[in-house]
Amino acid sequence: MWTDLLEAGIMASVLAAAVRIATPILFAALGELVAERAGVYNMGLEGMMLMGAFIGWLATYSSGSALLGLGAAMLAGVLLSLLFAFMVITLQIEQIVTGLALNLFASGLTTYWLRSAFTDMGSIPGITILRNVPIPFLSDIPFVGPILFDQRIVTYLALLSVPAVWLFLYHSRLGLEIRCIGENPKALDIKGHSVALRQYAAVLFGGAMAGLGGACLTVAATAHFVPDMVNGRGWLGLVIVIAGAWTPSRALNAALVFSFLDALQLQIQGVGIRVPYQVLLAMPYVVAIVVMMLRRKAGRAPARLGIPYSRDQS
Amino acid sequence: MTLLANSGWRIERRASRSSLALISALLAAGTGAILCCSLLFVAAGADPIAAFAALAKGSLGSVRAIADTLVRATPLILTGLATALAFRARLWNIGAEGQVFAGAMFAFWCQSAIGAAPAYIQIPVIVLGGLCGGALFGGLAGLLKARFQVDEVIATVMLNYIIAYVLSLLLQQGPWTEPGGFFEQTAIVPDEAKLPILIEKTRLHLGFVLALVLAAILHVVLHRSPLGYEIRAAGSNLRALQFQGVNAGRLVLVVFVLSGAVAGLAGAFELYGVQHRLKSGTLGGLGYTGIIIAILGQLSPRGVVIAALLFGALLNGSTLMQIKTGVPSALIYAIEAIILMFFLIAWAASRFRLRRLRHVD
Amino acid sequence: MTARLSIRNLSKRFGPVVANDRVSLDVRPGELHCLLGENGAGKSTLSSCLYGLYQPDEGQIIIDGEERRFRSPADAIRAGIGMVHQHFVLVPTFTALENIVVGTGSGWRLDTRAARRQVTELCERHGLRLDLDALIEDLSVGAQQWVEIVKALYLGARVLILDEPTAVLTPQESERLFTLMRRMTDDGLSIILISHKMNEVMQSDRVTVLRRGRVVGTIETRSTTRGQLAQMMIGRQLNPIEVESRGGRWSAVVTISGLSVRDTRGVPVLQDLSLELREGEVLGLAGVAGNGQRELFEAIAGVRRIEAGEIRLDGEAIANLAAAEIARRGVGHIPEDRLRDGLVPDFSIAENMVLGQHWRAPWRRGVLLDGTCVGEHATRSISEFSIVTTGPCEPVRRLSGGNAQKVILARELAKATRCLLCNQPTRGLDIGVIEYVHGQILRKRDEGVAVLLASEELDDLILLSDRIAVIFRGRIMGVLPRCAANIALLGQMMAGTPLEQVA
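Not measured: the values here are computed from a predicted model.

J.: Give a description of the overall build of chain B that names residues and reports values.
T.: The number of helices and strands found in chain B is 13 helices and two strands. Over its C-alpha atoms chain B spans a radius of gyration of 22 Å, differing by no more than 12% from the 21 Å that the globule rule assigns to 361 residues. C-alpha extents for chain B along the principal axes are approximately 85 × 60 × 35 Å. Evaluated residue by residue, chain B yields a buried proportion of 54% over its 361 residues. Across chain B, contacts joining residues at least 24 apart in sequence account for 78% of those joining residues at least 6 apart.

Here is the structure:
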């Protein structure tokens, strides 16, 4: 049965699923990457994704438009990250504590909102999810076509975000400034530029991406919202940023490793190999710990990651 | 900011904070949270006053209600203490959640291993089992941090997910599954293994008193013992401690083991004092609420106990609130987080003050 | 001649502390103007006001006859003011060019090509050779300073403030810096040089002396003397302490042989280093910052792992023993970065005094710490070291730099019965405290303790040491007796010439 997995057809479908599953984490991780490059450790990623998943689902349900749902989810992510940015940048509250608070806040609020909007848990409605949009000609390429070019629109967007974020960080003025802030914010401050403003921008971008990523879980995947459905993907996003050494391309690799595991897990259950599902579901978390143990080879973290900047100190 | 600067006012950082600042931060957090909750009540179509009244009655309305409040507070005291202990050393142990599971599981394993025995043997075994289980699981996270430099937040969060699956695996057609049962749960534990009830006709069990005793012990440890000295020093400046030859890795491990042990006790008490059977899903959330409690309690054991009692009351009263007004009791989790956010903001804001600039021309 | 920059009656207060009190001064075009004063005299506050980092409470800043108000560095830069901070503000993982370009230009795109052309032009005009594509962390400290200067020039500075620019340079690098500054002033640039080193001050055009936030006076450098300036700066006559040299007569306390250490990135920082600390003797360690001094101190104190080599204390090997064990054998260590490495800021003075010995006998009663005993010990130390504080329970976070250093001094001197390690013990302190610290170090020496002393102030080093060792890139360039040491010789050695090759 294990050999079934190695067949080309099954492998292609595993890989296609891996690319699809990578979408939400990739969005979240890329947003987090930019925020961390600006020195802000957004531990509220999980909560922002959760809020995105919920709002995306709710807005799609009430408007009937998945696009509107995705937009609403991004807005929710932005609002939540605005609160986060205010707390950690302006008020300089401990970033880890604030992030955790935000996770609990998002978890409590979405659950309560869901319960009060739909009193009967059995009647929670589904939504029509995004369809695959095969790209003409490209999707006909054997093996590679179905993997890369027969996906949902959000997946294309996520994949395109990788070079976009790379271009932004390494070839735009603002990107250079953001990287500068993560390493030595004072260097920018003494040139007369606001550090806080750029950190806000980076965090809000991270929030929008996390909201979008979360929305992919409902709008592009399950069609239902379930309390705490993000189930650690936000945390995996943080691991991916670290494992990806704070660079977009390596973050993509890391995201694909995790999503491949996830896809493989689905396929293993599919072909009827008898492994307790708990073992399969726990795999990504075990792998995350192993990745963190081996990461010493990976790149350096931004020097000022997690340390609030104020001109008087340092 | 610029607007303020133009008009001759400036926001400045205070050099130090008074205890007045703490009180006003707490008041601001309380008021903000009440206002926010009222809004949520109205949004859910309920009368806020009725809802708050139900909340109060449900938590403090009778001896039984009060006893239940204390029962709900018991695990929160312990997870709050566990979190406070680690946070004091600036070790972000988010793993009280998983350590609760580990404590309950290890206690269950020990207790079922000794078989039939009188209560005076079973109860100490349960307490020790809870402590050891939590300590082992906390120690695992500490080891990852000290030996492999794995970020402790990520390590503990991942371990939280992993242990929940491990429990589910053991309960679902595993060795612990209730014979002939259909749910993911064990059989009811024997009567001798149930924690003694303190007041008749209530559910208040021995664990509450033990939790208070532990809080007192930890208070002394933190403020009077050399280990507590190291924990507090590590929280302020670990490097200075290392420069004096303190082994940071060992300290990390010790703190995680202690913190885990305290959290593990919460799991054992919930299992043998309240639920009387190991189920998947019913221990969830205790650890995360513990984080809120630790921060509200200013990372001091005394503060933790007070905050835990408050949250115990909230949780306990929410059931009646749901019956009387139809507001989902899930609101409580949102309220907890809202209180925390308001507190953090108010506390941080009390660091700043408005100062009028003299001699602005 | 109209002034390029005028300050009129500028005052700045921090709470009850008056950092600048009605300061007035003029800087002419093309002038090298020195701002002289002790630590805490208000030089840094004044320069921060000029650069828009602080807003003055009163007074005017006039540039080219026009009054300016600086709300942020952006305003100051627009007015043509540039600043080179004492501690460089560079991004170590960026290239020199990126450091110069970041935060400038317009539009979305990062246009390095145009920037490169302009920067190259700037360098050529001032005769600077700079590798624009080198990472800052790979550049020498001297080259990093060039980057800082080009950074300010690239922003269009016409008044350049240099804050203690030579603190981290070798004497030869300092000389080159002064040549460069002269070229720039000849070009019409005005330079404000903040310094407390007399030999540098004497190379300026005019000097303004600050004392306790006030201007004591501005004079033409040509018409004054070092002695007069020193007296203006301190407000009293300086009586240089006479220190009797007594090198080379006593037995070794600490012997270091073949010591090699790597830093956290795996780069070797100490290589095959050998040194001997002798009883009752001060061994000075001269060197430009970052040449392995810190690692040497930490290796002896047991804070840093040793890769190879041997360290013996009174004949017993102590290499890689725990720091607590080494301290117990009589080694005291005053670390370079006292706030980061030496103190727990949230702890009280009393608690800081027992840091590292908190498990030990006199402070314990049963399993608990004996608060009374710790408190009494602190009270005694506070009076013995005349620490200015509200009491032993005051958190050290609230103490001034000098008093914080005295807390460390009290703790480490008590430990140092055999050997005392002092890395930059007087950096950033007032002259009064510096004298006190020097006195304490000499007292220890007279008790027979072996002292290792590193300092950026070469004059102090020559004054206090019995022998001086020079360190360069983790190797000892040579050891000189005090009578043979002079600034020029030390400078050559600090730049990497071994003693035997110095002509």
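J.: Tell me about the sheet that holds strand β2 (residues 17-27) of chain C, and name the residues and values.
T.: All names here are of chain C. Judged by pairing direction, the sheet is antiparallel, and its four strands sit side by side in the order β2-β1-β4-β5 without closing on themselves. Sheet topology places β2 and β5 (66-68) at the edges, where each strand pairs with a single neighbour. The average undirected angle you get between the axes of adjacent strands in this sheet is 30°. The pairing of strand β1 (residues 5-14) with strand β4 (residues 58-63) spans five bridges and is classified as antiparallel. Along β4, the bridge assignment pairs Arg 8 with Gln 60.

J.: Please give an account of the environment of Gly249(B) that cites residues and values.
T.: Mapping Gly249(B) onto the fold places it in helix α10 (residues 248-275). In this structure the C-alpha to C-alpha distance between Gly249(B) and Asn160(B), which are 89 residues apart in sequence, comes to 22 Å.

J.: Got a sec to walk through helix α9 (residues 293-301) of chain C? Specific residues and values, please.
T.: All names here are of chain C. Within α9, nine of the nine residues are buried, which leaves it mostly tucked inside the rest of the structure. Where α9 is concerned, the buried positions are Gln 293, Arg 294, Glu 295, Leu 296, Phe 297, Glu 298, Ala 299, Ile 300 and Ala 301. A positive phi of about 85° marks Gly 302, the residue just after α9.

J.: I'd like to hear about the sheet that holds strand β12 (residues 268-278) of chain C, residue by residue, with values.
T.: Residue and element names in this part refer to chain C. Ordered by their spatial adjacency, four strands build an open sheet running β12-β11-β14-β15, and the pairing between neighbours is antiparallel. Among the strands making up the open sheet, the edge pair consists of β12 and β15 (316-317). Of the strand pairs in this sheet, strand β11 (residues 252-262) and β12 are connected by seven bridges, and their pairing is antiparallel. Looking at the pairing, Leu 259 lines up with Leu 273 of β12. Contacts from α9 reach β11, β12 and β14 (308-313) within the one sheet, and its direction differs from that of β12 by about 65°.

J.: Can you lay out the pairing of strand β9 (residues 206-211) of chain C for me, pointing to particular residues and giving the numbers?
T.: Residues and elements named next belong to chain C. Pairing between strand β3 (residues 32-36) and β9: four bridges, direction parallel. Pairing of Leu 35 across the sheet is with Thr 208, part of β9. In terms of strand pairing, β9 meets strand β10 (residues 214-220) through six bridges, oriented antiparallel. Paired with Thr 208 across the strands is Thr 218, a residue of β10. Linking two consecutive strands that pair antiparallel, namely β9 and β10, is a turn of two residues; a positive phi of about 45° is found at Arg 212 within it.

J.: Please set out the interface of chain B and chain C residue by residue, giving values where relevant.
T.: Tallying the contact residues gives 17 residues for chain B and 26 residues for chain C. Counting residues per element, the side of chain B that touches chain C draws most heavily on helix α9 (residues 226-243) of chain B, at nine residues. By residue class, the composition of the side of chain B that touches chain C is seven nonpolar, seven polar and three charged.

J.: Quick one: what's the story with the interface of chain A and chain B, residue by residue and with numbers?
T.: Contacts between the two partners involve 35 residues from chain A and, on the opposite side, 36 residues from chain B. Listed by contribution, the elements that provide at least two residues to the side of chain A that touches chain B are α4 (95-117), α10 (233-243) and α12 (277-294) of chain A. Considering every element that reaches the side of chain A that touches chain B, the biggest residue donor is α4(A), with 14 residues. Of the residues contributing to the side of chain A that touches chain B, the split by class is 25 nonpolar, eight polar and two charged.

J.: Could you give an account of the packing of helix α4 (residues 112-125) of chain C against helix α5 (residues 141-154) of chain C, with specific residues and numbers?
T.: Residues and elements named next belong to chain C. Running from amino to carboxyl end, α4 crosses α5 at an angle of 115°, the nearest separation of the two axes being 10 Å. In terms of orientation, α4 and α5 fall into the roughly perpendicular class. You can see that α4 and α5 cross each other, and the crossing is right-handed. Contacts between α4 and α5 pair Gln 118, Val 119, Leu 122 and Cys 123 from the former with Val 150, Leu 153 and Tyr 154 from the latter. Residues of the contact of α4 with α5, tallied by class, amount to six nonpolar, one polar and no charged.

J.: So, helix α5 (residues 96-114) of chain B: which residues are in play, and what are the values?
T.: Residues and elements named next belong to chain B. The end-to-end C-alpha separation of α5 is 27 Å, in line with the 27 Å expected for 19 residues at 1.5 Å each. In terms of residue burial, α5 counts as a mostly covered element, since 14 of its 19 residues are buried. Once α5 finishes, Gly 115 follows within two positions and takes phi at roughly 65°, a positive value.

About the criteria used
Residues numbered from 1 in each chain as written. Chains lettered and ligands numbered in written order. Predicted model: local features only at pLDDT ≥ 70, side-chain atom pairs only at ≥ 80, totals over all residues. Helix = DSSP H or I, 4+ residues; strand = E, 2+ residues; numbered from the N terminus. Rg over C-alpha atoms; globule rule 2.2 N^0.38 Å. Buried ≥ 20, exposed ≤ 12 C-beta atoms within 10 Å, placed from the backbone. Contact = placed C-beta atoms within 7 Å. Pairing = 2+ DSSP bridges. Axes fitted to C-alpha atoms, helices over the stretch in contact; angles between N-to-C directions. Nonpolar A, V, L, I, M, F, W, Y, C, P; charged D, E, K, R; others polar. Parallel < 35°, antiparallel > 145°, perpendicular 65-115°, else oblique. Left-handed = near helix turned anticlockwise from the far one by under 90°. Expected span 1.5 Å × (residues − 1).

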